[in-house]
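Topology and contacts: notes
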Amino acid sequence: MTVAVSGAHMRTVLDIMRQAAAERIMPSFRHLGVDAIRCKSSKMDVVTVADEAAEHDMTAAFLRLSPGAVVIGEEAVCVRPDLMDAIEDADLAYVIDPIDGTANYAAGVPLFGVMVAILRRGEVIGAAILDPVCNIAALAVRGGGGGLAGGTGRCRATATLRATRAGGRDVRQCLLALSAASGA
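All residue numbers here refer to positions counted from 1 along the written sequence of the relevant chain. In keeping with the model being predicted, local features are shown solely for residues with a pLDDT of at least 70 and side-chain atom pairs are shown and tallied solely at 80 or more, while totals for entire chains, interfaces and linings include all residues. To get the side-chain values, all heavy atoms of the structure are used, and hydrogens and water are removed first.

Elements are defined by DSSP. Helices are runs of H or I of four residues or more, strands are runs of E of two residues or more, and each kind is numbered from the N terminus. Here a helix's expected span is defined as the number of its residues, less one, multiplied by 1.5 Å. Taking 1.5 Å per residue, 17 residues should reach 24 Å; helix H2 (residues 49-65) reaches 24 Å between its end C-alpha atoms and fits that length. All of the buried residues in H2 are Ala 50, Asp 51, Ala 54, Glu 55, Met 58, Ala 61 and Phe 62. In a view along the axis of H2, the buried residues occupy a sector of 135°, so they form one face of it. Away from its buried face, by an angle of more than 90 degrees, H2 presents the exposed residues His 56 and Arg 64. Only protein chains enter the accessibility calculation, which uses a 1.4 Å probe; a residue is then buried when its area is under 20% of its type maximum, exposed when over 50%, and partly exposed in between. As used here, the arc is the angular range of directions from the helix axis to the C-beta atoms.

Here it is, written out as structure tokens:
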């Protein structure tokens, strides 16, 4: 399966991210109970029910959008680190961080985002970062530039996307590559 990642594809990815943010992330923002937050590896490495619900919804939506694609979410990788093994050989993979900045989110600080990287055989070919508080996103397609998208999803600025390679098997490396690819 070889899928071209176009601007239209990225806008669909952004729509999926916005829907997860609207339905799963923002309704709980500043309304999380103590039972909705738990620690993963340390007190600063937290996960919320909103992280898990948004990742579940985005995973299902990306599999509908691209049947046969590999979808790897940050929370799923915490439970099954072997999921990262599929990235290098996948014709198409989505790497999801449903809430980047979960500690801020859990504390009610509006400095967090939703991140998705799209990879082909381990190489980042598209990326999106959504600020769900302000409803602003950065989108990038390898070889096609990038831009900012407001409420309409139309690009308002353009930039050249640097070639980015997500080496290794660590989800953080993929997310760092996502940030670099998006120009963030």
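Among buried residues, those of type Ala, Val, Leu, Ile, Met, Phe, Trp, Tyr and Cys that are joined through side-chain atoms within 4.5 Å constitute a nonpolar core. Of all hydrophobic cores here, the largest spans 33 residues; its most connected members are Met 17, Ile 25, Met 58, Phe 62, Tyr 94, Val 116 and Ile 118. Among the secondary structure elements, those contributing two or more residues to this core are helix H1 (7-25), H2, strand E4 (93-100), strand E5 (113-120), strand E6 (123-131) and strand E7 (136-141). If one sorts the elements of this core by residue count, H1 sits on top with 8 residues. In this analysis, two residues are considered to be in contact whenever any of their non-hydrogen atoms come within 4.5 Å of each other. For Met 17, the residues in contact, after removing those within four places along its chain, are Met 58, Val 114, Met 115, Val 116, Ala 128, Ile 129 and Leu 130.

Contact geometry for H1 and H2: axes closest at 9 Å, N-to-C directions at 150°. Considering their axes alone, H1 and H2 lie roughly antiparallel with respect to each other. Remark: the crossing between H1 and H2 carries right-handed chirality. When H1 is examined against H2, the residues His 9, Thr 12, Val 13, Ile 16, Met 17, Ala 20, Glu 23, Arg 24 and Ile 25 are found in contact with a partner set consisting of Ala 50, Ala 53, Ala 54, Asp 57, Met 58, Ala 61, Phe 62 and Leu 65. Here the axes come from fitting lines to C-alpha atoms, over the contacting stretch only for helices, and the angles between their N-to-C directions go from 0 to 180 degrees. An angle counts as roughly parallel when it lies under 35 degrees, as roughly antiparallel when it exceeds 145, as roughly perpendicular when it falls between 65 and 115, and as oblique in every other case. The hand of a helix crossing depends on one turn: near helix anticlockwise from the far one by less than a right angle means left-handed, and clockwise means right-handed.

Turning to the sheet that holds E4, a few remarks are in order. Strands belonging to one sheet form pairs held by backbone hydrogen bonds; the direction of such a pair is parallel or antiparallel. Strand order across the open sheet formed by 6 strands is E3-E4-E5-E6-E7-E8, with mixed pairing between neighbours. Each of the sheet's edge strands pairs with one partner strand only, and the pair in question is strand E3 (70-73) and strand E8 (145-149). In this sheet, neighbouring strand axes are inclined to one another by 15° on average, regardless of whether the strands run parallel or antiparallel. The pairing of E4 with E5 spans 6 bridges and is antiparallel. Pairing of Ala 93 across the sheet is with Leu 119, part of E5. In the packing of H1 onto the sheet, the strands contacted are E4, E5, E6, E7 and E8, and the crossing angle to E6 comes to about 40°. Along the sheet face, H2 touches E3, E4 and E5 and points at about 155° away from the line of E4. Only when DSSP finds a minimum of two bridges between them are two strands counted as paired.

Across the chain, pLDDT averages 81, with 78% of residues at or above 70. Here residues 152-175 is a poorly scored stretch, pLDDT under 50, and it has 61 contacts once near neighbours within four places are set aside; other chains count. pLDDT expresses how confident the predictor is about each individual residue, on a scale running from 0 to 100. Overall, residues 177-184 carries pLDDT values under 50, and its contacts beyond four positions in sequence, including any with other chains, amount to 27 contacts.

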